[in-house]
Amino acid sequence: MTQRSAPDKLAHVKARRPALDFAEARAHWIPDAPAYAYQLDAASTMLPYLEPYLIKVQKLARECLDPTADADLIADIDLFNRQEANHFQLHARYNETLRRHYPGLEPFEAEIKADFERFLREKSLAWNLAYCEGFECTGLVSAEFFFGPAQPFLRTADPASRDLWSWHLAEEFEHRSVCHDVLAALHPGWLRRLRGYSDFLTHLQRYGNRVAEYLKSVDRERGTYAADAEAKDREFDRVRGRFMLPRLARILSPFYDPAPPPDAADPRGGAAALRSALKRSGWSPR
Ligand SMILES: [Fe+2]
Ligand SMILES: [Fe+2]
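Residues numbered from 1 in each chain as written. Chains lettered and ligands numbered in written order. Predicted model: local features only at pLDDT ≥ 70, side-chain atom pairs only at ≥ 80, totals over all residues. Heavy atoms only, no water.

### Structural notes on the overall build of the chain
As a reminder of what qualifies: Think of it this way: any DSSP run of H or I at least four residues long counts as a helix, any run of E at least two long counts as a strand, and we number them from the N terminus. The contact criterion used throughout is that any non-hydrogen atoms of two residues lie within 4.5 Å. Only the protein chains shown count as cover for residues, with accessible areas throughout obtained via the Shrake-Rupley method and a probe of 1.4 Å.
Of the regular secondary structure elements, the chain holds nine helices and zero strands. Along the chain direction, N to C, the helices and strands of the chain fall in the order α-α-α-α-α-α-α-α-α. Summarising the internal contacts of the chain: among those between residues at least 6 apart in sequence, 86% fall at separations of at least 24. Of the accessible surface of the chain, which amounts to about 13000 Å², a share of 56% is contributed by carbon and sulfur atoms.

Following this line, the structure appears as structure tokens:
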């Protein structure tokens, strides 16, 4: 029997598919933190390739689990896969609008698609599971940040893009433990987990930074990069760095577990804001 840190925790969770329309979604959709929009848009370009990869890896893992003893974990994988499938399909639609705003994204997308195909072809299941776990742990911190200190920067954001990320990151928060539990069940070990985290960070951060830089360079060339953008981004980076760095460092601990409320020991941290934002937005895990 697989050890679960919080058994049956996803039994009450659904995969949702909100009716979002991106036809009128604006470029420069976060006027108070322009670089955040570039970074989230860069992330969106990879999701129609990354999330199918996550699903394929978790399906391979599912085959290695015991249908009886691991029934709860298998049910969580199925929920995880349904949520991720909805995510990448809606991001693929959003990306159609993004490509209209920023022609020239296709080569980046082809590159990241080929990377994930190569990982599935050449890497072990253990490596792929550790990579997925690294991504999902970082997704949890991104969700806490989005629903916490990022909220003031998002007040003037384009509603369609903001709703897309609200829904997506709320579901990332809900299924935050699944990849961690699957890795622990099939290929436990601190060093393996660290390696996956490091490989994921190196790979996807480099891709994300390059795409975000490209988006910014297009706006600079067109003269649509706002004059006060640098100053706004400096303030945003300060807020984000202070929030995210200690939480990302926590993932390095051999005792890291995404299951408990991540900031339970810190009532001034992001977890309380995240829970109330989820409730307000209708994406509450309860
Ligand atoms: Fe997702
Ligand atoms: Fe996820």
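### Focus: the layout of surface pockets
Note the cut-off: Only protein atoms enter the 1 Å grid used here. Points where a 1.4 Å probe fits but cannot escape make up a cavity, open sets with protein on both sides within 12 Å along at least five of seven lines make up a pocket, and a residue lines them when an atom lies within 4 Å of a point. Grid points are joined across faces, edges and corners, and a volume is the space filled by probe spheres set on the points. Classes in brief: Ala, Val, Leu, Ile, Met, Phe, Trp, Tyr, Cys and Pro nonpolar; Asp, Glu, Lys and Arg charged; the others, Gly included, polar.
Estimated volume of the largest pocket: approximately 880 Å³. As for the largest pocket, its lining consists of 29 residues, and the residues nearest its centre are Thr 138, Ser 142, Gln 205, Arg 240 and Met 244. Elements with a contribution of two residues or more to the lining of the largest pocket: α1 (34-64), α4 (125-147), α5 (159-174), α7 (190-222) and α8 (229-250). Per-element tally for the lining of the largest pocket: the top contributor is α7, with eight residues. Looking at the lining of the largest pocket residue by residue, the classes come out as 17 nonpolar, nine polar and three charged.

### Structural notes on the coordination of the iron ion (ligand 1)
The test is simple: Each metal's donors are the N, O and S atoms found within 2.8 Å of it, except that Na, K and Ca use a 3.2 Å limit; water is left out, so coordination can look incomplete. Under the scheme applied here, a residue whose accessible area is under 20% of the maximum for its type counts as buried, over 50% as exposed, and between as partly exposed, the area being computed with a 1.4 Å probe on protein chains only.
Within the protein, Glu 51 (OE), Glu 84 (OE), His 87 (ND1), His 168 (NE2) and Glu 172 (OE) serve as the donor atoms for the iron ion (ligand 1), at 1.9 to 2.2 Å. One chain supplies every donor for the iron ion (ligand 1), spaced along it as E-x32-E-x2-H-x80-H-x3-E. Classification of Glu 84 as buried rests on a relative accessible area of 0%.

### Comments concerning the packing of α1 against α7
Formally: What counts as an axis is a line fitted to C-alpha atoms, over the stretch in contact for a helix, and the angles between N-to-C directions run from 0 to 180 degrees. Relative orientations are named as follows: roughly parallel for angles under 35 degrees, roughly antiparallel for angles over 145 degrees, roughly perpendicular for angles from 65 to 115 degrees, and oblique for any other angle. We call a crossing left-handed when the near helix sits turned anticlockwise from the far one by less than a right angle, and right-handed when that turn is clockwise.
It is the contact of α1 with α7, at a shortest axis distance of 8 Å, that shows an interaxial angle of 130 degrees. Judged on the interaxial angle alone, α7 and α1 are oblique. Every pair of crossing elements has a handedness; the one defined by α1 and α7 is right-handed. Of the residues in α7, those touching α1 at Tyr 38, Gln 39, Asp 41, Ala 42, Thr 45, Met 46 and Leu 50 are Leu 204, Tyr 207, Gly 208, Val 211, Ala 212, Leu 215, Lys 216 and Asp 219. Of the residues contributing to the contact of α1 with α7, the split by class is nine nonpolar, three polar and three charged.

### Some remarks on the coordination of the iron ion (ligand 2)
The iron ion (ligand 2) binds to the protein through Glu 84 (OE), Glu 136 (OE), Glu 136 (OE), Glu 172 (OE), Glu 172 (OE) and His 175 (NE2); the donor distances cover 1.9 to 2.6 Å. Counting residues between consecutive donors of the iron ion (ligand 2) along the chain gives the motif E-x51-E-x35-E-x2-H.

### Remarks on the pattern of salt bridges
The criterion, for reference: Within this document, salt bridges are pairs made up of a side-chain nitrogen of Lys or Arg and a carboxyl oxygen of Asp or Glu, the two lying within 4 Å of each other.
Tallied over the entire structure, the rule returns 14 salt bridges. Between Arg 118 and Asp 115 there is a salt bridge, and its shortest N-O distance comes to 3.3 Å. Separated by three residues within a single helix, Arg 118 and Asp 115 lie in helix α3 (residues 106-122), roughly one turn from each other. For Arg 118, a relative accessible area of 30% corresponds to the partly exposed category.

### As for the environment of Asp 199
The condition is simple: Polar contacts, as used here, are pairs of N or O atoms within 3.5 Å; protein pairs need one atom able to donate a hydrogen and one able to accept it. Residues neighboring in sequence count only if both atoms are side-chain atoms.
By the element assignment, Asp 199 lies in helix α7. Separated by 72 residues in sequence, Asp 199 and Trp 127 have C-alpha atoms that sit 9.2 Å apart. In this structure, Asp 199 is in contact with Trp 127 and Tyr 131, ignoring residues within four places of it in sequence. Engagement of the side chain of Asp 199 in a polar contact is seen with the side chain of Trp 127, the distance being 2.8 Å.

### Let's talk about the environment of Pro 152
Within the element layout of this structure, Pro 152 appears in the loop between α4 and α5. Accessibility expressed as a relative area gives 39% for Pro 152, which makes it partly exposed. Here the alpha-carbon distance between Pro 152 and Asp 32, two residues 120 residues apart in the chain, equals 8.6 Å.

### Looking at the confidence of the model for the chain
Put simply, the rule reads: The predictor attaches a confidence to each residue, and that confidence, scored 0 to 100, is pLDDT.
Chain-level statistics for the chain give a pLDDT mean of 89 and a share of 87% at 70 or above. Within the model, pLDDT remains below 50 along residues 265-270, and this stretch shows seven contacts once partners closer than five positions in the same chain are excluded.

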